[in-house]
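The primary structure of each chain is shown beneath.
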Amino acid sequence: MLTSDALRVTIEIERFPELKRQHLEKESSAMIQAVSESTVVDRKLVERVVRRVVLSHLGMAPSSSSERTSRPSELVVSISARHVHLTDEHVEILFGKGHTLTPDKPLYQEGFYAAKETVMIVGPRRRMLPTVRILGPTRSYSQVELALTDAISLGIDAPVRHSGDIDGTPGCVLVGPAGAVELDRGVIRAARHVHMHVRDAERFGVQNGDTMHLRVRSPLCSVLFEDLLVRADDQSKLEVHIDTDEGNACNLDAATEVELLRPDRPCRCQQ
Ligand SMILES: [Zn+2]
């Protein structure tokens, strides 16, 4: 039975042939790189395991007729693989004077994209990740987002931080075809978070800056992720961002159900 507090969702995983093909390729091909003494599977540079979710507000008690009739949002859980955000200035240093990023694939959130450009990330003792995707558009600061496994292979002690909170974080060297940039800070493990429209936030009974739980049900591999930061505004679509380690921990590929929960109202099975 469902509680009135949980948005129960049923995943209908769309196994896009394209994604599957890429998946097979990345597991078997030159994408597998040996870095230092450890072998690192260089997963699709911007790997987005997009799950189409049929979300139903079972048992929710809407407080207005408009809520009652509004269509529920679709929850998407995406794995955000290691990537880099750059300033305009750094794009020019790495790729040449006057260069701007070339959008390759649009991301789920409106206006954001994976660029065609990649950079090499070099850590201490010359450990490196050869081709890390850049996400656009450019920002006012450069930032490198890694999973813990990536950070270990680079030899960088990256702290868990929310995007933009980079004071006191370690740096690295970025190398592009036209030059190199030494970042004195900006290497982080991006903290898990959920983007949503303020309408979704209202429905969940949360506000921007709150935290929620994400439950992923997966055969022999279910995980309850706590501490998802709610990032609500009037533009975002409902989407959870976790990193590759987190996606692997719950075997997201095989997940049968995902659920967003308010931490103060756990699901009924725990009451
Ligand atoms: Zn995000």
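Since this is a predicted model, take the numbers as computed values, not measurements.

Caption draft 1: The arrangement of the nonpolar core in detail. One finds Val84, Val119, Ile121, Cys172, Leu174 and Val187 to be the most contacted residues of the largest nonpolar core, which totals 27 residues. Elements with a contribution of two residues or more to this core: helix 3 (88-95), strand 8 (113-122), strand 9 (128-136), helix 4 (148-154), strand 12 (172-175) and strand 14 (187-190). Those residues in contact with valine 187 that lie beyond four places of it in its chain are Val144, Leu146, Ile156, Ala158, Thr169, Pro170, Gly171 and Cys172. Leu214, Ala232, Val258 and Leu260 belong to the second largest nonpolar core, which has 25 residues in total.

Caption draft 2: Here's a closer look at the pairing of strand 17 (residues 223-233). Here strand 15 (residues 193-197) pairs with strand 17 via five bridges, running parallel. Bridge pairing links valine 194 to valine 230 in strand 17. As judged from the five bridges shared by strand 16 (residues 211-217) and strand 17, these two strands associate in the antiparallel manner. Along strand 17, the bridge assignment pairs valine 216 with valine 223. If you look at the hairpin formed by strand 16 and strand 17, you'll find five residues sitting between the two strands, and leucine 220 has a positive phi there, around 65 degrees.

Caption draft 3: Region of interest: the environment of histidine 90. Here histidine 90 shows up in helix 3. Other than its neighbours up to four places away in sequence, histidine 90 contacts Ser142 and Val181.

Caption draft 4: Looking closely at the confidence of the model for the chain. With 71% of its residues at a pLDDT of at least 70, the chain reaches an overall mean of 79. Below pLDDT 50 for its whole length, residues 1-70 participates in 108 contacts with residues either more than four positions away or in separate chains.

Caption draft 5: Spatial organisation of the pairing of strand 7 (residues 103-106). Taken together, the three bridges between strand 7 and strand 8 define a ladder with antiparallel strand orientation. Across the sheet, the residue bridging to proline 106 is tyrosine 113, located in strand 8. Hairpin connection between strand 7 and strand 8: a loop of six residues separates the two successive antiparallel strands, and glycine 111 in this loop has a positive phi of roughly 90 degrees.

Caption draft 6: Inspection of unusual backbone geometry at higher detail. In this structure, proline 137 follows glycine 136 across a cis peptide bond, with omega equal to 0 degrees. Position of proline 137 relative to the elements: it lies in the loop between strand 9 and strand 10 (143-145). Even without being glycine, arginine 126 reaches a positive phi, approximately 60 degrees. Turning to its location among the elements, arginine 126 is positioned in the loop between strand 8 and strand 9.

Definitions and limits used
Residues numbered from 1 in each chain as written. Predicted model: local features only at pLDDT ≥ 70, side-chain atom pairs only at ≥ 80, totals over all residues. Core = buried A, V, L, I, M, F, W, Y, C linked by C-beta atoms within 7 Å. Buried ≥ 20, exposed ≤ 12 C-beta atoms within 10 Å, placed from the backbone. Helix = DSSP H or I, 4+ residues; strand = E, 2+ residues; numbered from the N terminus. Contact = placed C-beta atoms within 7 Å. Pairing = 2+ DSSP bridges. pLDDT = per-residue confidence, 0-100.

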